[in-house]
Every structure is written in C-alpha cells, then in structure tokens.
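Summary of the model geometry
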Amino acid sequence: MTPEHRGTAQLTTAMMLSGTLGVFVVESGASPYDVVFFRVLFGALALGGYVVARGWLRGHGFTPRTLGLAVLGGVFIVFNWVLLFQSYENTSISVATVVYHTQPFYVVLLGALLFRERLTAARVGWIAVAFAGLILVSGVRPADFTGGGTYLTGIGQALLAALLYGLSTLVTKRITGVRPHLIALVQVLVGIPLLLPLADFGAMRGTGWDWGWLVGLGLVHTGVMYVLMYAAYAQLPTAKIAVLAFVYPAVALLMDWVVYGHHIGLVQALGVPLIVTASLKVTLARPARTPVAGPAPRTAAHGPQAASRPATPAACEA
C-alpha cells in the first residue's frame with residue numbers, strides 16, 4: 001500500500017467516525033456542557049497517552065508565544081463544540097452539520113479582516129454562493145423570526161460554532177515547530193478547567209450505561225480520530241484532504257436518517273451542492289500573494305510533519 005493510499009484510508013476512516021459523533025452526543029443524554037467536559041477529559045487521557053508513548057513531550061517545541069496561541073485556540077475549540085452540540089438539540093444533526101460546514105468561508109473572511117490577507121473577487125463570489133446554499137439548507141421561514149421557536153436559535157448556534165472554529169484555525173495556523181498532536185493535547189486540556197464550573201455533575205448520577213457514549217467521544221472521536229487525521233495529513237495533498245472532508249457531513253446525514261428518521265427536505269437538499277462546491281473552490285484556490293517578513297521558524301528535530309499541519313485542519317471535523 002502506497003503512503004497516499006494509506007493516508008486516504010486513514011482520513012476516510014477518521015471522517016466516518018466524525019460523522020457518527022452526533023449520535024454519540026444525543027445518545028449520551030447529557031447536556032452540551034457535560035458532554036464537552038467529558039469529551040475533553042477522556043480525550044486528554046487518550047491523546048496524552050499517545051503523545052507520551054511516542055516520546056513527543058521531550059523537545060516539544062513550544063515557546064511562551066506558541067503555547068499561548070494553543071491555549072487561545074483551545075478556548076475557541078471548546079466553546080465551538082458546546083455550541084454545535086446545542087445546535088443538535090434545537091435543529092437536527094443533519095441541519096446543524098451542514099450549516100457548520102460554512103467554516104472554510106469564515107477562515108477566509110476572518111483572515112482578510114484580522115490579518116489583511118488578500119480576498120479575491122472569485123473567493124467573494126464563491127462565499128456568496130455558499131451562503132445562498134446556507135439559506136436553502138437552513139429551511140428558515142418568516143414564521144421562525146416571529147414565533148419565538150428554538151429552530152432559529154439552533155441555526156445561529158451552528159453558525160457561531162463555525163465562526164469559533166474559524167478563529168481557532170487562524171490562531172493555530174500561526175503555530176510552527178510543534179507537532180499537531182501536542183497542540184491538540186493543549187487544546188483539550190484547556191477545556192477541563194474551562195468547563196469545570198459549567199458542568200452539572202449532579203445530573204450525571206443517573207447516566208448509567210450512557211457513560212459509554214461519553215467515553216467513546218473522548219477515546220474514539222478525539223483520541224483515535226485525531227491520530228488518524230494527523231497521520232493522513234502528512235501523506236495526502238491538500239486537494240484530496242478537501243474532498244475527503246465531505247465524508248463527514250455525508251455520514252452525519254446518513255446516521256441522522258437511519259437512527260432518528262431525520263432528513264433534510266428537497267429545497268434544503270438543493271443548498272448542499274452549493275455549499276460543497278463553494279467550499280472546494282475556496283479551499284483549493286491558489287493563495288493570493290501576500291508580503292511576509294521572513295520564513296516561519298521550524299524545529300528541525302520535529303521534521304516537516306511537525307509544523308506542516310495545524311491542530312484544527314482544513315477537514316471540518318467536529
């Protein structure tokens with residue numbers, strides 16, 4: 001098996017696992033804050049064990065600046081998960097997942113706004129196409145604005161989750177010389193003290209066998225999934241990563257239909273190819289030339305894999 005074939009299998013598996021995440025969240029029966037707390041707790045144990053076993057804590061490459069960036073990215077990631085899981089409750093796994101996949105467009109818009117990255121007319125056009133698709137997928141009707149229902153709130157939560165993911169991506173892209181596994185470990189560790197005051201442990205007493213879903217979110221959807229993704233990113237071109245990223249929403253929509261009988265309507269379905277096409281066009285567009293002060297630092301001991309892939313990758317994992 002060639003490295004690219006191996007990477008394709010690894011990333012496809014990771015994205016399929018990501019597509020089952022919504023079922024694990026819903027079946028756990030816990031509140032979004034509790035779900036995310038135990039995801040970061042068990043996820044830290046899984047990632048920490050892997051990092052220690054590989055001996056990557058020695059010569060980790062962090063500086064005070066890059067560690068601070070990793071912590072900031074962790075804050076964004078943790079609350080991105082909380083908002084996404086709240087959106088599952090107020091809409092459905094299908095709708096929330098597709099709306100959440102506006103992430104690449106936020107990365108482009110925020111990069112132009114915060115870091116003066118050049119925004120081409122073509123990218124603006126594709127972003128407009130994507131948000132036209134978003135309007136179709138959301139299925140929002142005029143009555144939703146006046147009825148005081150939770151559906152519109154859920155759409156807003158998914159959009160805000162995507163915005164936070166975009167912020168985390170931009171922050172993490174500025175970390176060099178550190179393995180992505182270590183950055184991800186810092187990000188989940190940040191979530192433990194961050195969510196500790198917000199978790200309702202009293203509500204967890206009757207969880208019973210549902211603990212299995214929470215353990216799975218940490219060990220499988222954070223530990224195993226991240227390890228597979230980062231291994232794949234080192235072996236695959238950006239184009240293939242961008243395409244395989246859409247395995248995640250496809251599996252999420254399938255799981256929502258098979259397990260809960262939820263599916264998006266015909267009009268909503270018309271928006272999906274608009275978002276998918278626009279996302280690929282924006283992700284795969286040749287980056288605009290921007291002046292740089294000099295080459296980014298790299299820790300030679302870590303090799304190219306260490307700094308080439310961020311902990312919040314182009315593939316829109318949840």
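We now turn to the structure provided with this report. Predicted model only: the values in this text are computed from it and were never measured. (Residues numbered from 1 in each chain as written. Predicted model: local features only at pLDDT ≥ 70, side-chain atom pairs only at ≥ 80, totals over all residues. Heavy atoms only, no water.)

1. Considering the overall build of the protein
Each helix and strand counted, the protein has 15 helices and zero strands in total. The burial tally for the protein puts 48% of its 318 residues in the buried class. Taking all contacts inside the protein whose residues are at least 6 apart in sequence as the whole, residues at least 24 apart take part in 90%. With an accessible surface of roughly 14,300 Å², the protein has 68% of that area assigned to carbon and sulfur atoms. (Helix = DSSP H or I, 4+ residues; strand = E, 2+ residues; numbered from the N terminus. Buried < 20%, exposed > 50% of the residue type's maximum accessible area, 1.4 Å probe, protein only. Contact = heavy atoms within 4.5 Å. Areas by Shrake-Rupley, 256 points an atom, 1.4 Å probe, with all protein chains shown as cover.)

2. A look at the packing of helix α7 (residues 121-138) against helix α14 (residues 266-284)
Their axes nearest at 7 Å, the elements α7 and α14 cross at an angle of 155°. Taken as axis vectors, α7 and α14 run roughly antiparallel relative to one another. Where α7 crosses over α14, the two elements pack in a sense that is left-handed. On the side of α7, the interface is formed by R123, W126, I127, V129, A130, A132, G133, L134, L136, V137 and S138, while α14 contributes V267, Q268, L270, G271, V272, L274, I275, T277, A278, K281 and V282. Its residues placed into classes, the contact of α7 with α14 shows 15 nonpolar, five polar and two charged. (Axes fitted to C-alpha atoms, helices over the stretch in contact; angles between N-to-C directions. Parallel < 35°, antiparallel > 145°, perpendicular 65-115°, else oblique. Left-handed = near helix turned anticlockwise from the far one by under 90°. Nonpolar A, V, L, I, M, F, W, Y, C, P; charged D, E, K, R; others polar.)

3. Details of helix α6 (residues 103-115)
With 13 residues, α6 should cover 18 Å at 1.5 Å per step; its first-to-last C-alpha distance of 17 Å lies within 8% of that length. If you follow the buried residues of α6, they end up packed against α5 (93-100), α7, α9 (151-172) and α14. Positive backbone phi, approximately 55°, marks R116, located one or two places after α6. (Expected span 1.5 Å × (residues − 1).)

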